[in-house]
Each structure stands twice: as C-alpha cells, then as structure tokens.
Amino acid sequence: MNIQIFGTSKCFDTKKAERWFKERRIKYQMIDLVKYGMSGGEFDSVLRAVGGIDALINWDSKSPDIDLLKYLSEERQKEDKVYDNQKLIRTPVVRNGKQATVGFCPEVWETWN
C-alpha cells in the first residue's frame, strides 16, 4: 500500500486518520494541504475516486468562497476554484493509488490491500 494523507495540522479528523494508520503499523505519507497542496494529477485522481467536486468540498467552512461555490453551476468552475484554494477541501483526503476517501472513513480503509 502507498497511503497518502492530505490534511492540515489543526484538523482533528486528520489526526484521527494518522492515529488509525499508526495503530495498525501501516506506513503513510502526510502532506500538509496548506503548505504543499495537491498536484494537478493528484487532484484529478481524487476527484474521479470520490465521485466529483461536491464530495470534496467542505461545505461547512466559514470561507466566503464557499458561498460563491454554492452558486456556480459548472463543475469545471468549481474544480478550478477549489484547486486554486485548497483550504476549501474537506480533510483528510486519504489516497491509496487510484482509490481515495474524503473524511474519516476507517471502514473503507480496512478493505484496502
């Protein structure tokens, strides 16, 4: 397995995901979304794996950009806005090759080989 955890240092779900993998002695790579972000290929791969941009957005965020995203009709515009401001992504994003989850999903991670 090649696990990547995209998250922030202040996110409690990201810390829970790290703890979950540590407890099972599964190696992972932690990537700070604020500092480094996702590359274009990683972003597209995660979008395909989670089922679209709406599943990736943190709709509970207090950012004014969230209000704008609610009224954008085209998926491509939303994707561009979120890619440019990756603080809008719900964390953690856990990736295993072409598979990915958004949020704390241990029931899915257990099925990964």
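An account of the accompanying structure is given in this report. If you're wondering where the values come from, they're calculated on a predicted model, not measured in any experiment.

**Side note on the pattern of salt bridges**
Opposite charge on two side chains allows them to pair when their charged atoms are near.
Here is step 1 of the chain: Following the criterion strictly, the structure yields seven salt bridges and no others.
Here is step 2 of the chain: The shortest N-O distance in the salt bridge between R24 and E23 comes to 3.4 Å.
Here is step 3 of the chain: Put simply, D80 and R76 hold a salt bridge, and the shortest N to O gap is 3.6 Å. Residue D80 and its partner R76 are located together in helix 5 (residues 75-84), separated by four residues, close to a single helical turn.

**Some points on the side chain of E18**
Here is step 1 of the chain: Considering the arrangement of structural elements, one finds E18 in helix 1 (residues 12-23).
Here is step 2 of the chain: Buried and unpaired, E18 has K22 as its nearest opposite-charge partner, separated by 5.0 Å.
Here is step 3 of the chain: Apart from residues no more than four positions distant in its own chain, E18 is found in contact with I5, Y28 and M30.

**Quick notes on the sheet that holds strand 2 (residues 28-32)**
Here is step 1 of the chain: Pairing is mixed across the open sheet formed by four strands, whose spatial order is 2-1-3-4. Edge strands, defined here as strands with exactly one partner in the open sheet, are strand 2 and strand 4 (99-102). Sheet twist, expressed as the mean angle between neighbouring strand axes with direction ignored, is 15 degrees.
Here is step 2 of the chain: Packing against the sheet, helix 2 (residues 40-50) makes contact with strand 1 (3-7), strand 3 (93-96) and strand 4, and its axis sits at approximately 80 degrees to strand 4.

**Here's the deal with the environment of E18**
Here is step 1 of the chain: E18 gets classed as buried once you look at its relative accessible area, which sits at 19%.
Here is step 2 of the chain: When the C-alpha atoms of E18 and E42 are compared, they prove to be 20 Å apart, with 24 residues separating the residues in sequence.
Here is step 3 of the chain: At a separation of 3.2 Å, a polar atom in the side chain of E18 contacts the side chain of Y28.

**Things to note about the pairing of strand 3**
Every other side chain in a regular strand lies on the same face of the sheet, so the side chains alternate between the two faces.
Here is step 1 of the chain: Going residue by residue along strand 3, you find V93 and R95 tucked away on one face and V94 and N96 tucked away on the opposite face as well.
Here is step 2 of the chain: Where strand 1 meets strand 3, four bridges bridge the pair, whose relative direction is antiparallel. What sits directly across from F6, in strand 3, is V93.
Here is step 3 of the chain: Strand direction decides the pairing type here: strand 3 and strand 4, joined by four bridges, are antiparallel. Bridging from a neighbouring strand, V93 pairs with V102 of strand 4.

Reading the values: rules and limits
Residues numbered from 1 in each chain as written. Predicted model: local features only at pLDDT ≥ 70, side-chain atom pairs only at ≥ 80, totals over all residues. Heavy atoms only, no water. Salt bridge = Lys/Arg side-chain N within 4 Å of Asp/Glu carboxyl O. Helix = DSSP H or I, 4+ residues; strand = E, 2+ residues; numbered from the N terminus. Buried < 20%, exposed > 50% of the residue type's maximum accessible area, 1.4 Å probe, protein only. Lys, Arg positive; Asp, Glu negative; His and termini not counted. Contact = heavy atoms within 4.5 Å. Pairing = 2+ DSSP bridges. Axes fitted to C-alpha atoms, helices over the stretch in contact; angles between N-to-C directions. Polar contact = N/O pair within 3.5 Å; in protein donor to acceptor, adjacent residues only side chain to side chain.

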